[in-house]
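Architecture and fold: a report
Chain by chain, the residues:
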Amino acid sequence: MKKIVSIIAVAVLALSMLTMVSCGKCEFSGQMDDDKNMTIKAVNADTGDYFVTGTLVVEEGEEIAIDTKLDKGEITVEFIASEGEESIDELPELDGDAAYTAYLSGTNSQAVSFGAGSFMIKPTVTDKASGTVTITVQPAK
């Protein structure tokens with residue numbers, strides 16, 4: 001009888017440990033739908049996490065709309081101008097000045113205009129974050 005109770009206790013402990021590990025899932029990723037739309041997803045993303053992704057193309061008379069829905073934390077998004085064709089042989093400068101930097105937290109929307117061009121996106125978690133950010137190129141209002 002004691003052996004069965006011990007086995008059940010170990011099984012319950014193992015299941016509870018697996019549950020705690022799966023709840024601690026961390027994710028920080030971005031998805032480019034096309035050259036005008038991007039979604040950033042954060043699930044318990046750690047401070048300092050970042051990535052650099054594709055380019056958004058902004059034409060004359062267009063602006064960038066940023067829709068922020070963060071349950072917690074802060075994300076900084078840098079828009080880095082990329083000159084000419086991108087190639088694996090000649091990578092763009094990622095440490096240079098960004099054309100625009102958005103500091104995002106909470107739930108809000110903003111539209112910004114900082115010129116036409118192709119911009120790589122570099123989101124960085126500045127305070128452990130969860131939520132989504134949607135970036136869309138749209139006609140200027």
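Our subject is the structure listed above.
Residues numbered from 1 in each chain as written. Predicted model: local features only at pLDDT ≥ 70, side-chain atom pairs only at ≥ 80, totals over all residues. Heavy atoms only, no water.

This part takes up the overall build of the chain. Regarding its fold elements, the chain presents one helix and six strands. In sequence order, the chain lays out its α and β elements as α-β-β-β-β-β-β. Within the chain, the proportion of its 141 residues that are buried is 32%. Counting contacts in the chain only where the partners sit at least 6 residues apart, residues at least 24 apart contribute 76% of the total. Carbon together with sulfur atoms contributes 55% to the accessible area of the chain, which is approximately 8700 Å² in total. (Helix = DSSP H or I, 4+ residues; strand = E, 2+ residues; numbered from the N terminus. Buried < 20%, exposed > 50% of the residue type's maximum accessible area, 1.4 Å probe, protein only. Contact = heavy atoms within 4.5 Å. Areas by Shrake-Rupley, 256 points an atom, 1.4 Å probe, with all protein chains shown as cover.)

Turning our attention to the nonpolar core. With 24 residues, the main nonpolar core has Phe 79 and Ile 135 as its most contacted residues. Looking at this core, the elements with two or more residues in it are β2 (37-45), β3 (53-58), β4 (62-81), β5 (100-112) and β6 (117-139). Contact partners of Ile 135, with chain neighbours within four places excluded, come to Lys 36, Asn 37, Met 38, Ile 40, Leu 56, Ile 64, Ala 65, Val 77, Phe 79 and Ile 121. (Core = buried A, V, L, I, M, F, W, Y, C linked by side-chain atoms within 4.5 Å.)

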